[in-house]
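Examination of the molecular architecture
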Amino acid sequence: MNVKNELKALAERMFNDELLGTLLEAYQQEANEDGYGIVEKEYSEGTEALSTILNEEQKTALIKMEKLCEENIRYGVKFGFASGVFAGFQQFFVEETTKQPFEDFIDNEILKKPNIKKHGGYYQRRCELNDINTALEEQLDTDNREHLISVYSAWDNRLYGVLRHSFYMGYRYAIEIINHVKPLSASMNMIDKILLTEYELGFIRTLSEQEQRTTQCTDV
């Protein structure tokens, strides 16, 4: 057995189109519940408007930009998951760990300079799609430029949403492994870290935040 090949095959089965679709669906559902579904609505309106405005060369450039965005999201699924697994095991084996694992392992690593440069292909695609976006912006008037901004912003939001959900999936996977090998160890010993991590990711809220959210929904 070639272990390297088997691991590669395992990753291909895990990180497939179905998983990507599930993560994007989770992002979309969350956005709708939090009142940010308008981003996708503006994306649809923007792409429809641009399809009637852009010439063939510009349309080709836009298609390429969106393709690059999609490729980076696919990279984000794998990186987010792996980072979540790392964070989970680190919290179990290391007593003093960061209280903001998503910010440290995702935000500061893959979304900001200088660390983003370490992710060669991802960073190159980011630079290329940014160049395409800038070139198209310069060719459009102010009103039509807004449609392009809507398209670019939607892909950025999708990337961030997928990173959050894939990170958490990897994090939970690590905890499942720990509990499988050492039953109840993660649940009993990591509860404070788990709650902090879930709070940072925005998956849980304090009671006061829940009450405020309920009040806002009632007032609408």
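Residues numbered from 1 in each chain as written. Predicted model: local features only at pLDDT ≥ 70, side-chain atom pairs only at ≥ 80, totals over all residues. Heavy atoms only, no water.

**Concerning the overall build of the protein**
This is how it is decided: We count a stretch as a helix when DSSP gives it H or I for four or more residues in a row; a strand needs E for two or more, and each element gets its number in order from the N terminus. Whether a residue is buried, partly exposed or exposed follows from its accessible area with a 1.4 Å probe, protein chains only, as a fraction of its type maximum: under 20%, in between, or over 50%, in that order. Residue contacts follow a heavy-atom distance rule, with two residues in contact if any of their heavy atoms lie within 4.5 Å.
A count of helical and extended segments in the protein gives ten helices and zero strands. Across its three principal directions, the C-alpha atoms of the protein cover 60 × 60 × 30 Å. For the protein, the proportion of its 220 residues judged to be buried stands at 38%. Residue pairs at least 24 apart in sequence account for 74% of intrachain contacts in the protein once pairs closer than 6 positions are excluded.

**A look at the nonpolar core**
Spelled out, the test is: Only buried residues count toward a nonpolar core, which is a set of Ala, Val, Leu, Ile, Met, Phe, Trp, Tyr and Cys residues joined through side-chain atoms within 4.5 Å.
Within the largest apolar cluster, 49 residues are counted, with the highest numbers of intra-cluster contacts made by Leu62 and Met65. Contributions of two or more residues to this core are made by α2 (17–33), α3 (38–53), α4 (56–93), α5 (101–111), α6 (120–139) and α7 (142–181). In terms of residues, this core owes the most to one element, α7, which gives 14 residues. Dropping the residues within four chain positions of it, Met65 is found in contact with Leu129, Ile132, Asn133, Leu148, Val151 and Tyr152.

**Comments concerning the environment of Ser51**
Stated precisely, the cut-off is as follows: Identification of polar contacts relies on pairs of N or O atoms within 3.5 Å, with a donor-acceptor requirement for protein atoms, meaning one able to donate a hydrogen and the other able to accept it, and with residues adjacent in sequence counted only if both atoms are side-chain atoms.
Position of Ser51 relative to the elements: it lies in helix α3. Between the C-alpha atoms of Ser51 and Leu62, which are eleven residues apart in sequence, the distance is 9.7 Å. A polar contact of 2.5 Å, which involves the side chain of Ser51, links it to the backbone oxygen of Glu48.

**Looking at the packing of α3 against α4**
Under the convention used in this document: Lines fitted to C-alpha atoms define the axes here, with helix axes fitted over just the stretch in contact, and angles between the N-to-C directions of these axes take values from 0 to 180 degrees. When describing relative orientation, an angle under 35 degrees is termed roughly parallel and one over 145 degrees roughly antiparallel, while 65 to 115 degrees is termed roughly perpendicular and anything else oblique. Each helix crossing is assigned a hand: it is left-handed if the near helix lies turned anticlockwise from the far helix by less than a right angle, otherwise right-handed if that turn is clockwise. By the convention adopted, Pro, Cys, Tyr, Trp, Phe, Met, Ile, Leu, Val and Ala count as nonpolar, Lys, Arg, Asp and Glu as charged, and the other residues, Gly among them, as polar.
Two elements in contact, α3 and α4, have axes separated by 9 Å at closest approach and are oriented at 150°. By the criterion of interaxial angle, the relationship of α3 to α4 is roughly antiparallel. Crossing of α3 against α4: the hand is left-handed. On α4, the residues that touch Tyr43, Thr47, Leu50, Ser51 and Ile53 of α3 are Gln58, Lys59, Leu62 and Glu66. Looking at the contact of α3 with α4, its residues break down into four nonpolar, three polar and two charged.

**Observations concerning the packing of aromatic side chains**
Heads up, the condition is: Here a Phe, Tyr or Trp ring, Trp counted by its six-membered ring, pairs with any other such ring whose centre lies within 6.5 Å, and the pair is stacked when the planes are under 30 degrees apart, edge-to-face when over 60, and tilted otherwise. A ring is scored as having a charge over it whenever the NZ atom of a lysine or the CZ atom of an arginine sits within 6 Å of its centre and within 35 degrees of its normal.
Tallying each qualifying case throughout the model produces twelve aromatic pairs. Here the aromatic rings of Phe92 and Phe93 are separated by 4.9 Å at their centres, their planes lie at 85°, and the arrangement is edge-to-face. The ring of Tyr43 carries Arg158 above its face, with NZ or CZ at 4.2 Å from the centroid. Of note, Arg158 hangs over the ring of Trp155, and the distance from its end group to the ring centre comes to 4.5 Å.

**Topic: α5**
Here α5 has its buried residues at Pro101, Phe102, Phe105, Ile106, Asp107, Glu109 and Ile110. Next to the buried residues of α5 lie α4, α6, α7 and α9 (191–200).

**Notes on the side chain of Glu40**
Checked against the element boundaries, Glu40 lands in helix α3. Every residue in contact with Glu40, bar those within four places of it in the chain, is listed here: Tyr27, Gln28, Ala154 and Arg158.

**A few points about empty space enclosed by the protein**
Rule in force here: As defined here, a cavity is a set of points on a 1 Å grid over the protein atoms alone where a 1.4 Å probe fits but cannot get out. A pocket is an open set with protein on both sides within 12 Å along at least five of seven lines, and residues line them when an atom is within 4 Å of a point. Grid points are joined across faces, edges and corners, and a volume is the space filled by probe spheres set on the points.
All told, the structure shown has one cavity of 30 Å³ or more when counted by the stated rule. Within this model, the largest cavity holds a volume of roughly 60 Å³. Along the walls of the largest cavity sit Cys69, Asn72, Ile73, Arg126, Leu129, Tyr152, Trp155, Asp156 and Leu159, which together make up its complete lining. For the lining of the largest cavity, the secondary-structure elements that each account for two or more residues are α4, α6 and α7. In terms of residue count, the dominant contributor to the lining of the largest cavity is α7 (four residues).

Read these as spatial facts, not as claims about activity.
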